[in-house]
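# Topology and contacts: notes
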Amino acid sequence: MAAVLVLFALLPSCYNNVRGPGPTNGFTTFQLDSDDYQILGTVEAEGTIYSILGLFNYGGQGFSALREKALQKGGDDVINVQTDLEVFGILFFVYNEFRWKATGTVIRYRSGVRAAE
């Protein structure tokens, strides 16, 4: 019985390939004011992360989905990111879906201000 418990403790790290929006905007290393950027609009992205038996985790697109849409609008960055998460599961760990939807404000920097890469 102890061997089975040890096996289940070690198995959740077998396969993980998950990208979600993650922490939103971390911290700002400089102060922006309204003269530093132009607001171009809002973008939305969504994705689903799947988990089977807690062993196989895959899916999602991450913040890169928002950033790609911002670049298509001619923007330099996305600020004010907000994320909603919806979870669906069967028998706790047998099968789970984590559906996320993120929105953000697209901006274009002015006067030489650029986002840290």
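Residues numbered from 1 in each chain as written. Predicted model: local features only at pLDDT ≥ 70, side-chain atom pairs only at ≥ 80, totals over all residues. Heavy atoms only, no water.

### Digging into the overall build of the protein chain
Across its full length, the protein chain holds two helices and five strands. Reading the protein chain from its N terminus to its C terminus gives the helix and strand order α-β-β-β-α-β-β. Among the 117 residues that make up the protein chain, the fraction classed as buried is 26%. Considering only residue pairs separated by 6 or more positions, the protein chain has 73% of its internal contacts joining residues 24 or more positions apart. Of the roughly 8000 Å² of accessible surface on the protein chain, 58% is carried by carbon and sulfur atoms. (Helix = DSSP H or I, 4+ residues; strand = E, 2+ residues; numbered from the N terminus. Buried < 20%, exposed > 50% of the residue type's maximum accessible area, 1.4 Å probe, protein only. Contact = heavy atoms within 4.5 Å. Areas by Shrake-Rupley, 256 points an atom, 1.4 Å probe, with all protein chains shown as cover.)

### Describing the pattern of salt bridges
The full count for this structure, using the stated rule, is four salt bridges. Lys 101 is the salt-bridge partner of Glu 44, the closest N and O atoms lying 3.6 Å from each other. Residue Glu 44 is located in strand β2 (residues 37–52), and its partner Lys 101 is located in strand β5 (residues 95–109); the two are separated by 57 residues in the primary sequence. Among the salt bridges present, the one from Asp 77 reaches Arg 67, with a minimum N-O distance of 4.0 Å. With Asp 77 in strand β4 (residues 77–90) and Arg 67 in helix α2 (residues 63–72), this pair connects stretches of sequence that are 10 residues apart. The exposure class assigned to Arg 67 is partly exposed, which follows from its relative accessible area of 22%. (Salt bridge = Lys/Arg side-chain N within 4 Å of Asp/Glu carboxyl O.)

### A short note on a nonpolar patch on the surface
On the surface, Ile 52, Leu 53, Phe 56, Tyr 58, Phe 88, Ile 90, Leu 91, Phe 92, Phe 93 and Val 94 cluster together into a nonpolar patch covering about 950 Å² of accessible area. If you list the elements that add at least two residues to the nonpolar patch, you get β3 (56–59) and β4. Along the chain, Tyr 58 turns up in strand β3. (Patch = residues over 30% accessible without salt bridge, like charges linked within 9 Å, V, L, I, M, F, W, Y side chains within 5 Å.)

### What to know about the confidence of the model for the protein chain
In this model, the protein chain carries an average pLDDT of 77, and 69% of its residues clear a pLDDT of 70 or more. Looking at the elements of the protein chain, mean pLDDT is at its lowest for strand β1 (residues 15–18), recorded as 50, and at its highest for β2, recorded as 91. (pLDDT = per-residue confidence, 0-100.)

### A short note on the environment of Asn 96
Mapped onto the elements of the fold, Asn 96 is located in strand β5. Once the C-alpha coordinates of Asn 96 and Gly 54 are considered, the two residues, 42 residues apart in sequence, prove to be 8.5 Å apart. Residues in contact with Asn 96, not counting those within four places in the same chain, are Ile 49, Tyr 50, Ser 51, Phe 88, Gly 89 and Ile 90.

### Focus: the nonpolar core
In this structure, Val 43, Ala 45, Ile 49, Ala 65, Leu 66, Ala 70, Val 78, Val 81, Trp 100, Ala 102 and Val 106 together form the largest nonpolar core, which totals 11 residues. Breaking this core down by element, the ones donating at least two residues are β2, α2, β4 and β5. (Core = buried A, V, L, I, M, F, W, Y, C linked by side-chain atoms within 4.5 Å.)

### Re α2
Residues spaced three or four apart along an α-helix point in a common direction, a consequence of the helix completing one turn every 3.6 residues. Listed as buried for α2 are Ala 65, Leu 66 and Ala 70. Looking straight down α2, one finds its buried side chains confined to an arc of 135°; they lie on one side. Against the buried residues of α2 lie β2, β4 and β5. (Arc of directions from axis to C-beta.)

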